[in-house]
Amino acid sequence: MPIAIHPTFEPTWANSQRFSDVRRARLLLSVSGSDGVRHAFTTLFDFATFDRFPRLKVVVLESGAGWIGYWLERMDAVYASPLGRGVPLKEKPSCYFRRQCWISCDPDERSLVGVIPLVGERRFFWASDFPHPDHPPEYVKELAELVELLPPAARWPLLGDNVREAYGLPPRPEAGAGRAA
C-alpha cells in the first residue's frame, strides 16, 4: 500500500495573518494550497527515504501534475551541483520518481501532453474525486478531451492502469501490451 501525500488547509493557529481574509485570497489560497505537498514530497529525497525503503510507493494527490516535470528537473540539477553534494541519495531524484512514485492530475491540465514524455506515462493517473469545488462541472468531458491529446500508449495508463499498479490492484482483464484507448 503506498503512502499518499494530499494537501489540506493549515490550522487557524498556524495561518499567516496576511491570508486571514479568505474572501479576498480565494485564488491565492486555492492555487498555492499544494505548495505544502511539494515541500513534503521533496523532503523524501532530502532524507534518502527511497534508498532506506526501496519498496516504498508514494502517491502525490490533488496537487496538480504539470509541475512534476519542472520539479524533478530542478531536483536533479541541484543534486548534480555542488549544492547537492550533501544530499544522501544514490541516484538522481527523477530515478526514484520513475520507479516508486505516481501523481494524480486534473483533466484540465493540458500541460501533461508535454510532461508525460519527460517523466514517463506510467506515473500519472487522473484525480477521480469529482465534483470538486475548484473545477468546472465538465470534468468528465475535459478528461475525454485530455485523453485524446495523449499518445495512445499513455491513455489506458492514465485512465486506470497506473492507479491499479500503484495500489497493487489486479490489471484490467482486457489489458494488453500496447493497447490504445
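Up top you'll find the structure we're talking about.
For every chain, the first residue of the written sequence is number 1, and numbering continues from 1 along that sequence. At least 70 in pLDDT is required for a residue's local features to be given in this predicted model, at least 80 for side-chain atom pairs to be given and counted, and no such filter applies to totals for whole chains, interfaces and linings, which use all residues. The side-chain figures draw on all heavy atoms in the structure; neither hydrogens nor water molecules are used.

Peer 1: Any chance you could explain the overall build of the protein here in plain terms?
Peer 2: In terms of regular secondary structure, the protein is built from eight helices and four strands. Starting at the N terminus and ending at the C terminus, the protein contains elements arranged as β-α-α-α-β-α-α-β-α-β-α-α. In the protein, which comprises 181 residues, the proportion classed as buried is 38%. Computed by Shrake-Rupley with a 1.4 Å probe, the accessible areas treat only the displayed protein chains as cover when residues are assessed. As presented, the protein carries roughly 10,800 Å² of accessible surface, and 60% of it is formed by carbon and sulfur atoms. Starting at the N terminus, helices and strands are each numbered in turn, a helix being any DSSP run of H or I of at least four residues and a strand any DSSP run of E of at least two. The classification of residues rests on relative accessible area computed with a 1.4 Å probe and restricted to protein chains. Under 20% of the type maximum is buried, over 50% is exposed, and intermediate values are partly exposed.

Peer 1: What is the right way to look at helix α2 (residues 35–46) in this model?
Peer 2: Since the α-helix packs 3.6 residues into each turn, any two residues three or four apart lie on the same face. Counted at 1.5 Å a residue, the expected span for α2 with its twelve residues is 16 Å, and the 17 Å between its end C-alpha atoms agrees. In this structure, the buried side of α2 is in contact with β1 (3–5), α3 (49–52), β2 (58–60), α4 (67–80), α5 (93–100) and β3 (101–105). Count one or two residues on from α2 and you reach Ala-48, which has phi positive near 55 degrees. Every helix has an expected span of 1.5 Å times one less than the residues it contains. In this analysis, two residues are considered to be in contact whenever any of their non-hydrogen atoms come within 4.5 Å of each other.

Peer 1: Hey, could you run me through the sheet that holds strand β4 (residues 124–126) in this one?
Peer 2: Strands pair in a sheet through their backbones, by hydrogen bonds, and they do so in one of two ways: parallel or antiparallel. The pairing criterion for strands is at least two bridges between them, as found by DSSP. Strand order in the open sheet formed by four strands is β1-β2-β3-β4, with parallel pairing between adjacent strands. Two strands bound the open sheet, and with one partner strand each, they are β1 and β4. Pairs of neighbouring strands in the sheet enclose a mean axial angle of 25 degrees, with direction left out of account. Pairing of β3 with β4 involves three bridges; the strand directions are parallel. By the bridge assignment for β4, Cys-105 is matched with Trp-126. Every angle, taken between N-to-C directions, lies between 0 and 180 degrees, and every axis is a line fitted to C-alpha atoms, over only the stretch in contact when it is a helix.

Peer 1: What should I look at first to understand the pairing of β3 in this one?
Peer 2: Of all five residues making up β3, five are buried, and the element is well covered by its neighbours. Burial of the side chains of β3 extends over both faces: Cys-101, Ile-103 and Cys-105 are buried on one face and Trp-102 and Ser-104 on the other. In this sheet, β3 lies alongside β2 in parallel orientation, the contact comprising three bridges. Its bridge partner lying in β3, Val-60 is registered against Ile-103. A crossover links β3 with its parallel partner β4, the connecting element being helix α6 (residues 112–119), and its sense is right-handed. We call a crossover right-handed when, viewed with the strands running away from us, the connection from the first strand over the helix to the second turns clockwise.

Peer 1: Can you walk me through the pattern of salt bridges in this structure?
Peer 2: Close approach of charged atoms lets side chains of opposite charge pair. By salt bridge we mean one thing: a side-chain nitrogen of Lys or Arg within 4 Å of a carboxyl oxygen of Asp or Glu. For the structure on display, the rule yields seven salt bridges. Here Arg-38 and Asp-35 are joined by a salt bridge, their closest N and O atoms 2.5 Å apart. Separated by three residues within a single helix, Arg-38 and Asp-35 lie in helix α2, roughly one turn from each other. Owing to a relative accessible area of 30%, Asp-35 belongs among the partly exposed residues under this scheme.

Peer 1: Would you mind going over the packing of α2 against α4 with me for this structure?
Peer 2: A pair of packed helices can be characterised by two numbers: the angle between their axes and the separation between those axes. Where α2 meets α4, the closest approach of the two axes is 12 Å, and the angle between their N-to-C directions is 35 degrees. Of the two elements, α2 crosses α4, and the hand of that crossing is right-handed. Between α2, through Arg-38, Phe-41, Thr-42 and Phe-45, and α4, the contact on the second element is made entirely by Trp-67, Ile-68, Trp-71 and Met-75. Note: crossing handedness is left-handed where the near helix turns anticlockwise from the far helix by less than a right angle, and right-handed where it turns clockwise.

Peer 1: Before we go on, may I ask you to explain the nonpolar core in this structure?
Peer 2: When a protein is soluble and globular, its nonpolar side chains tend to lie buried together. Counting residues in hydrophobic clusters, the biggest one holds 35 residues, and the most contacted among them are Phe-41, Ile-68 and Phe-124. Beyond its immediate stretch of four places on either side in the chain, Phe-124 contacts Ala-65, Ile-68, Ile-103, Leu-112, Val-115, Ile-116, Val-119, Pro-157, Leu-158 and Asn-162. Counting residues in each nonpolar core, the second largest holds five residues, with Val-59, Leu-61, Trp-102 and Ala-166 among its members. In this description, a nonpolar core means a group of buried Ala, Val, Leu, Ile, Met, Phe, Trp, Tyr and Cys residues linked to one another through side-chain atoms lying within 4.5 Å.

Peer 1: What is the right way to look at the packing of α4 against α5 in this model?
Peer 2: In the contact formed by α4 and α5, the axes pass within 8 Å of each other and the chain directions differ by 135 degrees. With respect to each other, α4 and α5 are oriented oblique. Counting all contacts with α4, which are made through Ile-68, Leu-72, Met-75, Asp-76 and Tyr-79, the residues of α5 involved are Pro-93, Ser-94 and Phe-97. Oblique is the label for every angle not falling under 35 degrees (roughly parallel), over 145 degrees (roughly antiparallel), or within 65 to 115 degrees (roughly perpendicular).

Peer 1: What am I meant to see in the side chain of Arg-123 here?
Peer 2: If you trace the backbone, Arg-123 turns up in the loop between α6 and β4. Classification of Arg-123 as buried rests on a relative accessible area of 6%. Within the structure, Arg-123 has its side chain in polar contact with the backbone oxygen of Cys-101 (distance 2.9 Å). In contact with Arg-123, other than residues within four places in its own chain, are Phe-97, Arg-98, Arg-99, Gln-100, Cys-101, Trp-102, Ile-103, Asn-162 and Glu-165. Between N or O atoms, a polar contact is any pair within 3.5 Å; within protein, one atom must be a potential hydrogen donor and the other a potential acceptor, and residues adjacent in sequence are included only when both atoms are from side chains.

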